[in-house]
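# Observations on the three-dimensional arrangement
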Amino acid sequence: MAVLRPFDKLPGLNSAALLLVGSDEELQQKLAEAILQEKRDFKISIHIATSLPLPSERDHLRPRIDLIVFMIDIKSKCSLKNVEASLAHVDATFFLGKVCFLVTGVGRVNCCSIETNAVCKLGEAYCSPVLFCELELEGVRVATAQRLLRMLQICAGLVPGFSALSFSLLMRNSADD
Amino acid sequence: MADESWKLEQELEQGRAQAWPQGGHDMGVLKLLRLRDQMKQQLMEYSAAVRGGETTFLDQVVEEKHIQGVTEDLETNKEEIEVSFWNKTLALQRIQLMAALRNKVNQGDKDSCLILETVNRIVLLSRTIIKYQQLAHEKKQKLIDIKRKRLSLKKDQRRKLQQIQTMKKKQKKEKGNKNLDEAKMLQNLEKERLMTTVIQNVFQNIIIGSGVNWAEDPSLKAIVLQLEKNVHLP
């Protein structure tokens, strides 16, 4: 299937699946390792892709994707274009809290080629939270991994009484303040 | 999607059945309860998605209006609740702050002395501020009174000037009238004089024409001499 849908497949028991979409594979690997090193009590599977749509041959083997993280490198404009092109292959119901934009490379202020304004507008247009981080730094990477893990837990429905939609609303309201 | 949720339960049952013989999983009662909560949450999400995907066969316009009305109500509710929440948070923070201050002051060490000093100074400064503000207020009141008096004086001045103007106008009119009257009177006077002159001349001529010797009779003489004095003045 060309379009990713959130409720197409059945969820696994006490498990969650994360999809990282971005152009820098090394950074994605680092982030994935940081997430896997966090302490958790549910099974997690991280899928890495450079762009959507995902190849349809292995579609039946893939689990239900709970959270998609689009990684945008602030130093390269083509990562933003890549992400925007991939957004077309995601179903609209995914944007009810199961999508997140992660902007990396924020530590270097002098080589920004994308404006933060543009990224924030993208996040507003797609009703998804935008996180800023610098994955080269150890501490920030660990913190980002923890945040993403918590978000994944909520989006997979593993936190009773709190759904992905309510979480996204909470993020949006606190961002407006 | 309803049958998919049924499939979900079946699969999870199978999953549980598979997990038990494996022995690596620690399937205590707590974990089972936790899994049950998770499944409830996931089921709720799926049913919400199902409900969201349903199409209604009602009148589209009515449905839209209804939805709009409901959305507006919900938005106003949400705003009210947010406002009250913020107010309550502020009140709570204020209470916490006061409680912390009170505790600190009750401790009685040098920090609390500083706090007390500062508070006393604040009170003193506020008192002086209030005093000065009162003085300023009084001065402003006086200024306002003076301005008011000035305004009323100006009004009186205006009124008086207007009165003077109207009186002047009246006087001019009266003068004009008087002049007219005088001219009329002079004209009348002239007429009368001419008439009297004519009558005098007529008398003279009657007396002379009657051939009477008027020089002998003193009364006739007096009349003729008197008549000589012509009233007709140059």
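Look up: the structure comes first, before these words.
Residues numbered from 1 in each chain as written. Chains lettered and ligands numbered in written order. Predicted model: local features only at pLDDT ≥ 70, side-chain atom pairs only at ≥ 80, totals over all residues. Heavy atoms only, no water.

### Digging into the overall build of chain B
Helix and strand content of chain B: five helices and zero strands. Along chain B, helices (α) and strands (β) appear in the sequence α-α-α-α-α when read from the amino end. The buried share among the 234 residues of chain B stands at 7%. Look at the contacts in chain B between residues 6 or more apart in sequence, and 35% of them connect residues 24 or more apart. If you sum the accessible surface of chain B, you get close to 21200 Å²; carbon and sulfur atoms cover 61% of it. (Helix = DSSP H or I, 4+ residues; strand = E, 2+ residues; numbered from the N terminus. Buried < 20%, exposed > 50% of the residue type's maximum accessible area, 1.4 Å probe, protein only. Contact = heavy atoms within 4.5 Å. Areas by Shrake-Rupley, 256 points an atom, 1.4 Å probe, with all protein chains shown as cover.)

### Some points on the packing of helix 3 (residues 60-107) of chain B against helix 4 (residues 110-209) of chain B
All names here are of chain B. Two numbers describe how helix 3 lies on helix 4: the axes approach to 7 Å, and their chain directions differ by 120°. Crossing handedness for the pair helix 3 and helix 4: left-handed. Where helix 3 approaches helix 4, its residues Leu101, Lys104 and Val105 are matched on the opposing element by Asp111, Ser112, Ile115 and Leu116. Across the contact of helix 3 with helix 4, the residue classes break down as four nonpolar, one polar and two charged. (Axes fitted to C-alpha atoms, helices over the stretch in contact; angles between N-to-C directions. Left-handed = near helix turned anticlockwise from the far one by under 90°. Nonpolar A, V, L, I, M, F, W, Y, C, P; charged D, E, K, R; others polar.)

### Quick notes on the packing of aromatic side chains
Residue and element names in this part refer to chain A. With the rule as written, the count across this model stands at six aromatic pairs over all chains. An angle of 80° between the planes, with centres 6.1 Å apart, marks the rings of Phe162 and Phe167 as edge-to-face. Classification of Phe162 as partly exposed rests on a relative accessible area of 26%. A relative accessible area of 13% means that Phe167 is categorised as buried. One aromatic cluster is present, built from ring pairs that chain together Phe70, Phe95, Phe101 and Tyr126. (Phe/Tyr/Trp six-rings, centres within 6.5 Å; stacked < 30°, edge-to-face > 60°.)

### Some words on a nonpolar patch on the surface
Taken together, the side chains of Met195, Val198, Ile199, Val202, Phe203 and Ile206 of chain B present a nonpolar region at the surface, about 570 Å² in accessible area. Mapped onto the secondary structure, Ile199 of chain B falls in helix 4. (Patch = residues over 30% accessible without salt bridge, like charges linked within 9 Å, V, L, I, M, F, W, Y side chains within 5 Å. Salt bridge = Lys/Arg side-chain N within 4 Å of Asp/Glu carboxyl O.)

### Section: the interface of chain A and chain B
In many reports, interface size means the accessible area that the parts give up when they come together. Taken together, the contacts link 24 residues of chain A with 19 residues of chain B. Roughly 1700 Å² of surface becomes buried between chain A and chain B when both sides are summed, with 56% attributable to carbon and sulfur atoms. Looking at the side of chain A facing chain B, the largest losses of area belong to Phe7, Leu10 and Leu13 of chain A, adding up to 38% of the total buried there. For the interface between chain A and chain B, the tally reads two salt bridges. The salt bridge partner of Asp41 of chain A is Arg34 of chain B, with a shortest N-O separation of 3.9 Å. Applying the counting criterion to the chain A and chain B interface returns six residue pairs in polar contact (both at pLDDT 80 or more). Elements represented by at least two residues in the side of chain A that touches chain B include exactly helix 4 (138-155) and helix 5 (164-176) of chain A. The residue inventory of the side of chain A that touches chain B, partitioned by class, reads 12 nonpolar, six polar and six charged. (Buried area = accessible area lost by both parts, 1.4 Å probe. Polar contact = N/O pair within 3.5 Å; in protein donor to acceptor, adjacent residues only side chain to side chain.)

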